[in-house]
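Single-letter residue listing:
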Amino acid sequence: MARLHSAHFHTIPFENFDILLARGIDLDPQAVFNKLVRKKRGGYCFELNGLFLQALLALGFKARALLARVHLTGTPSGRGHQLELVSIDDRDWLVDVGFGMNSPRGPIPLEWGWSATMGGRTIRLTDGGHFGTMLQTLEKGEWKDLYSFDLGYVFPADIAYGNHYTSTHPDTFFTYSRVAGLPCPEGGITLLDQTLKITTKGREEVQTLPDSPAYLDALKKHFSIEIDASYDDLKPLIPKD
């Protein structure tokens with residue numbers, strides 16, 4: 001499972017461009033497979049983890065979806081992030097290939113107090129109180145909340161609700177910001193609107209991408225993402241005030 005996780009995470013980028021192109025996010029398994037595998041695009045959590053869940057089930061793993069609340073801003077969101085619970089030999093593991101560069105770099109045993117350093121980032125699971133279980137990362141000597149979840153059963157309709165809100169509501173940055181991310185063994189590449197950051201062995205290089213069709217060339221170069229639309233089409237779905 002760890003090798004599957006690594007292969008998926010390091011190959012398929014995190015990105016939200018179809019939202020900005022007003023195409024919506026179709027979670028039908030065949031549609032997700034066509035986009036992420038055949039068209040070699042990326043996606044966000046419901047697509048990335050949805051595809052990974054289908055792969056796990058096809059290979060005979062006992063796995064199911066979970067939904068989490070994101071805490072990155074300090075204010076918990078609704079249950080708008082998908083991850084997976086995998087059971088192997090009576091032991092439960094969390095797998096998540098869809099949280100951008102904050103994604104765990106490998107499967108996590110579902111044990112409060114567990115901590116490890118993966119890909120240069122230290123993470124842990126802890127008691128999240130009424131939020132359930134909290135995933136945290138260590139930043140500048142302090143633990144920062146990433147997301148919380150419980151083990152309640154998730155129905156397809158729950159995922160449909162979360163996907164619709166996350167991809168259409170003006171309060172979610174996916175509707176007004178261009179984002180992309182792709183890890184590498186010693187760092188990763190991230191994009192937020194025009195700002196591209198390339199991190200290697202702790203060193204960060206920052207570039208400002210052009211506000212022109214050359215932007216699409218940069219997406220192909222750094223993320224292997226080819227957008228079948230013009231640069232002018234790639235604008236905020238819902239402009240941010």
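Residues numbered from 1 in each chain as written. Predicted model: local features only at pLDDT ≥ 70, side-chain atom pairs only at ≥ 80, totals over all residues. Heavy atoms only, no water.

(A) Focus on the environment of Pro156. Along the chain, the position of Pro156 falls in helix α5 (residues 156–168). Judged by its relative accessible area of 65%, Pro156 is exposed. Sequence spacing of Pro156 and Gly129 is 27 residues, and the spatial spacing of their C-alpha atoms is 26 Å. (Helix = DSSP H or I, 4+ residues; strand = E, 2+ residues; numbered from the N terminus. Buried < 20%, exposed > 50% of the residue type's maximum accessible area, 1.4 Å probe, protein only.)

(B) Structural detail: the environment of Glu111. Topologically, Glu111 is positioned in the loop between β5 (108–109) and β6 (115–118). Along the backbone, Glu111 and Val86 are 25 residues apart, and their C-alpha atoms lie at a distance of 13 Å. Residues contacting Glu111, with those up to four places away along its chain left out, are Arg91 and Leu125. (Contact = heavy atoms within 4.5 Å.)

(C) Layout of the pairing of strand β13 (residues 203–208). In terms of residue burial, β13 counts as a barely covered element, since only zero of its six residues are buried. Bridge count between strand β12 (residues 195–200) and β13: six bridges; the pairing is antiparallel. In the sheet register, Lys197 faces β13, and the bridge partner there is Val206. In this structure, the hairpin formed by β12 and β13 is closed by a connection of two residues, where Lys201 is found at a positive phi of approximately 50°. (Pairing = 2+ DSSP bridges.)

(D) Examining the packing of aromatic side chains more closely. Per the counting criterion, the structure on display carries eight aromatic pairs. Between the aromatic rings of Phe173 and Phe174, the centroid separation amounts to 4.5 Å while the plane-to-plane angle is 25°, which identifies the pairing as stacked. By relative accessible area, which is 10% here, Phe174 ends up buried. Measuring from centroid to centroid gives 5.4 Å for Tyr215 and Tyr231, while their planes differ by 50°, and the two rings are tilted. In this pair, Tyr215 sits in helix α6 (residues 214–223) while Tyr231 sits in the segment after α6, placing the two residues 16 residues apart along the sequence. (Phe/Tyr/Trp six-rings, centres within 6.5 Å; stacked < 30°, edge-to-face > 60°.)

(E) Local environment of unusual backbone geometry. Located in the positive-phi region is Lys140, a residue other than glycine, with phi close to 50°. Structurally, Lys140 can be placed in the loop between β8 (133–139) and β9 (142–149). Judged by relative accessible area, which is 87%, Lys140 ranks as exposed. Of note in the backbone geometry, Ser224 takes a positive phi value of approximately 60° without being a glycine. Summarising the element assignment, Ser224 is placed in the segment after α6. Classification of Ser224 as exposed rests on a relative accessible area of 52%.

(F) Main features of the side chain of His81. Tracing the sequence through the fold places His81 in strand β3 (residues 79–88). On the accessibility criterion, His81 (3% relative accessible area) is buried. One polar contact links His81 to Asp96, side chain to side chain, over a distance of 2.7 Å. (Polar contact = N/O pair within 3.5 Å; in protein donor to acceptor, adjacent residues only side chain to side chain.)

(G) Spotlight on the sheet that holds strand β10 (residues 179–184). What the five strands build is an open sheet, ordered β1-β10-β11-β12-β13; its pairing is antiparallel. Every interior strand has two partners, whereas the edge strands, β1 (14–15) and β13, have only one. In this sheet, strand β11 (residues 187–192) lies alongside β10 in antiparallel orientation, the contact comprising six bridges. Paired with Pro183 across the strands is Gly188, a residue of β11. The sheet contacts of α6 involve β10, β11, β12 and β13, and relative to β11 the element is tilted by about 160°. (Axes fitted to C-alpha atoms, helices over the stretch in contact; angles between N-to-C directions.)

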